[in-house]
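One-letter residues, chain by chain:
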Amino acid sequence: MARNSAMNLSDWRRRIDEIDKKLVELLNARSQCALEIGKLKQAAKIPLYQPDRENEVLANAETNNSGPLTDAAIRRLFERIIDEARAAERDAMHSSSGTEKNEK
Amino acid sequence: MVIVMQEGATDAQIQHVIDRLVASGFNVHRSTGESHTVLGAVGVHRDFDHRDFELLEGVREVMRITQPFKLASRQFKPEGTIVDLGRGVKMGGPEVVVAAGPCSVESREQIFSIAESVAKAGAKILRGGAFKPRTSPYAFQGMGEPGLKLMREAADKFGLFTISEVMDASQIQMMLGYVDIFQVGARNMQNYFLLRALGEVRKPILLKRGMSATMEELLMSAEYILAGGNFNVILCERGIRTFETYTRNTFDIAAIPVIKKLSHLPMLADPSHGTGRRDKVPPMARAAVAAGADGLLIEVHNDPDHALSDGAQSLEPNSFTQLMAELRIIAPAIGRRIA
């Protein structure tokens, strides 16, 4: 990046806005995968909650982490991403099976 | 619901809790802290019992976010319930409504004399018991239906509404002809069969807090009546049992603002039972109005020293009139008025 110390507050904020745009795209792409997985789990009658796989995702995230966020911070962020993925999978499982047994 | 795991809870224990939450239909928000893992569960069902999770291995604490009482909750009706008795008398609005009268109806002369003086002093409702739940089976048990009849006559003559205690579901039909408000006494607060029966009635119900009931238990009892479709429920603080014996009960004034915040139902106060002593009634009545009570229930007797029940806590008509005059000064300070 050519942008450096000459950047002011609003420059940095613009930069964050650009990154956020990409993050939203990426999170939605990830969520699309979760929806597909939900359908497959429903078809194969696999339970929604897979702790081993969740641990693997968290471990991968920490392995890929090169800072400045700490591993613990990355873990917390990914816990929230996984929470939302689980909710998305649940929705996919319900809509594909046509049953609404967990009314809220 | 929020589940706090114990310090050092194992991954397997945490996973087991998440597994149970997911299977129960919750969406789980996991948050791993430095020492404790916290699990947020979103989407609680109405019939869910959070205690099931307190028993799981590794769980330290389970906290509910939503209240177990739904219809009684302030969220259900943020603007508050107004119980309209007719002729412009409304409970739960700006007016503080006072019900006064003897503990028990004893005779025609007694109830007419008291009705006349409390009506003059500004009371809108005549209280009086016909069936008395006395601690001793040998104490005066009340006049029964003839007492209710006298009370109705006295109330009609002096333009008052009536309130009287119902002890059993079998009395409801008979009492409908005499009372404008059914009172459920402290001892019957958790008589769920009676509460269900009163849910079917289309007259207001005044539900008194049990002498060792928590505020949540009071609201759960109100829930029984509301669930039957009777939305005219009035709550009443009347003192709870504590280690203090100087007063008959400990009058829990804090219950008034607490209940007003938790629930949309009108909240009354009964300083007579709350203290059990005549000279303590006016100060507690003043405090209750200042604390935001929507009304008062006060025992007044024309001859307290010879009353057949609760004479010690009954005010004489003159003291009652003086108390009403004092309350008329206090009420406007918090934006209320009193007749």
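Residues numbered from 1 in each chain as written. Chains lettered and ligands numbered in written order. Predicted model: local features only at pLDDT ≥ 70, side-chain atom pairs only at ≥ 80, totals over all residues.

Caption draft 1: Inspection of the overall build of chain A at higher detail. Each helix and strand in chain A was counted, giving three helices and zero strands. Seen in sequence order, chain A has helices and strands lined up from the N terminus as α-α-α. Relative to its 104 residues, chain A shows a buried fraction of 12%. For chain A, long-range pairs separated by at least 24 residues make up 66% of all intrachain contacts whose partners lie at least 6 apart in sequence. (Helix = DSSP H or I, 4+ residues; strand = E, 2+ residues; numbered from the N terminus. Buried ≥ 20, exposed ≤ 12 C-beta atoms within 10 Å, placed from the backbone. Contact = placed C-beta atoms within 7 Å.)

Caption draft 2: Layout of helix H3 (residues 108-121) of chain B. All names here are of chain B. When the terminal C-alpha atoms of H3 are compared, their 20 Å separation across 14 residues agrees well with the 20 Å that a helix rising 1.5 Å per residue should span. Of all the residues in H3, the buried ones are Gln110, Ile111, Ile114, Ala115, Val118 and Ala121. Within H3, the buried residues cover an arc of 135 degrees as seen down the axis, which keeps them to one side. Buried residues along H3 sit in contact with strand E7 (95-101), strand E8 (125-127), helix H4 (145-157) and helix H11 (317-330). Positive phi shows up at Gly122, right after H3, with a value of about 115 degrees. (Expected span 1.5 Å × (residues − 1). Arc of directions from axis to C-beta.)

Caption draft 3: Looking closely at the interface of chain A and chain B. Taken residue by residue, the interface counts twelve residues in chain A and twelve residues in chain B. No other element matches the seven residues that helix H3 (residues 71-97) of chain A contributes to the side of chain A that touches chain B. Among the residues making up the side of chain A that touches chain B, the classes are represented as four nonpolar, one polar and seven charged. (Nonpolar A, V, L, I, M, F, W, Y, C, P; charged D, E, K, R; others polar.)

Caption draft 4: Broad picture of the nonpolar core. Residues and elements named next belong to chain B. The biggest cluster of nonpolar side chains holds 82 residues, and the ones touching the most others in it are Leu207, Ala222, Ile234, Leu235, Leu268 and Ile298. Sort the elements by how many residues they give to this core and helix H7 (residues 215-227) lands first, with six residues. Each residue touching Ala222, except ones within four places of it in the same chain, is listed here: Ala72, Leu207, Val233, Leu235 and Leu265. Of all hydrophobic cores here, the second largest spans eleven residues; its members include Ile3, Ala9, Ile14 and Phe26. (Core = buried A, V, L, I, M, F, W, Y, C linked by C-beta atoms within 7 Å.)

Caption draft 5: Main features of the confidence of the model for chain A. On average, residues of chain A score 85 in pLDDT, and 87% of them are at 70 or above. Predicted confidence for residues 98-104 of chain A stays below pLDDT 50, and this span has four contacts to residues more than four positions away or in other chains. (pLDDT = per-residue confidence, 0-100.)

Caption draft 6: Structural context of the packing of H3(B) against H4(B). All names here are of chain B. At a closest axis distance of 9 Å, the pairing of H3 and H4 adopts a crossing angle of 30 degrees. Our classification of the angle between H3 and H4 gives roughly parallel. In the crossing of H3 with H4, the sense of the turn from one axis to the other is right-handed. Along its contact with H3, which presents Arg108, Ile111, Phe112 and Ala115, the element H4 presents Leu150, Met151, Ala154, Ala155 and Lys157. Counted by class, the contact of H3 with H4 contains seven nonpolar, no polar and two charged residues. (Axes fitted to C-alpha atoms, helices over the stretch in contact; angles between N-to-C directions. Parallel < 35°, antiparallel > 145°, perpendicular 65-115°, else oblique. Left-handed = near helix turned anticlockwise from the far one by under 90°.)

Caption draft 7: Spatial organisation of the environment of B:Ser309. Residue and element names in this part refer to chain B. When you line up the elements, Ser309 lands in the loop between strand E14 (295-299) and H11. Judged by the 20 C-beta atoms lying within 10 Å of it, Ser309 falls in the buried class. Along the backbone, Ser309 and Glu106 are 203 residues apart, and their C-alpha atoms lie at a distance of 9.5 Å. In this view, Ser309 contacts Cys103, Ser104, Lys132, Arg134, Ala139 and Phe140; residues no more than four positions away in its chain are not counted.

Caption draft 8: How the structure looks around the pairing of strand E9 (residues 161-165) of chain B. Residue and element names in this part refer to chain B. With five of five residues buried, E9 lies mostly within the body of the structure. Burial of E9 is two-sided: the residues Phe161, Ile163 and Glu165 facing one way and the residues Thr162 and Ser164 facing the other way are all buried. Across three bridges, the pairing between E8 and E9 is parallel. What sits directly across from Leu126, in E9, is Thr162. Following the chain from E8 across H4 to the adjacent parallel E9, one finds a crossover that is right-handed. Here E9 pairs with strand E10 (residues 181-184) via three bridges, running parallel. Looking at the pairing, Ile163 lines up with Ile181 of E10. (Pairing = 2+ DSSP bridges. Right-handed = clockwise from strand over helix to strand, strands pointing away.)

Caption draft 9: Structural detail: unusual backbone geometry. The peptide bond linking A:Gly67 to A:Pro68 adopts the cis configuration, its omega dihedral lying at 5 degrees. Among the secondary structure elements, A:Pro68 is positioned in the loop between helix H2 (51-64) and H3. The backbone of A:Lys45 shows a phi angle near 55 degrees, a positive value even though the residue is not glycine. Note on placement: A:Lys45 falls in the loop between helix H1 (9-44) and H2. Residue classification places A:Lys45 among the exposed positions, given that 6 C-beta atoms sit within 10 Å. Backbone geometry at B:Arg87 places phi at a positive 50 degrees, although glycine is not the residue there. Within the secondary structure, B:Arg87 sits in the loop between strand E5 (83-86) and strand E6 (89-91).

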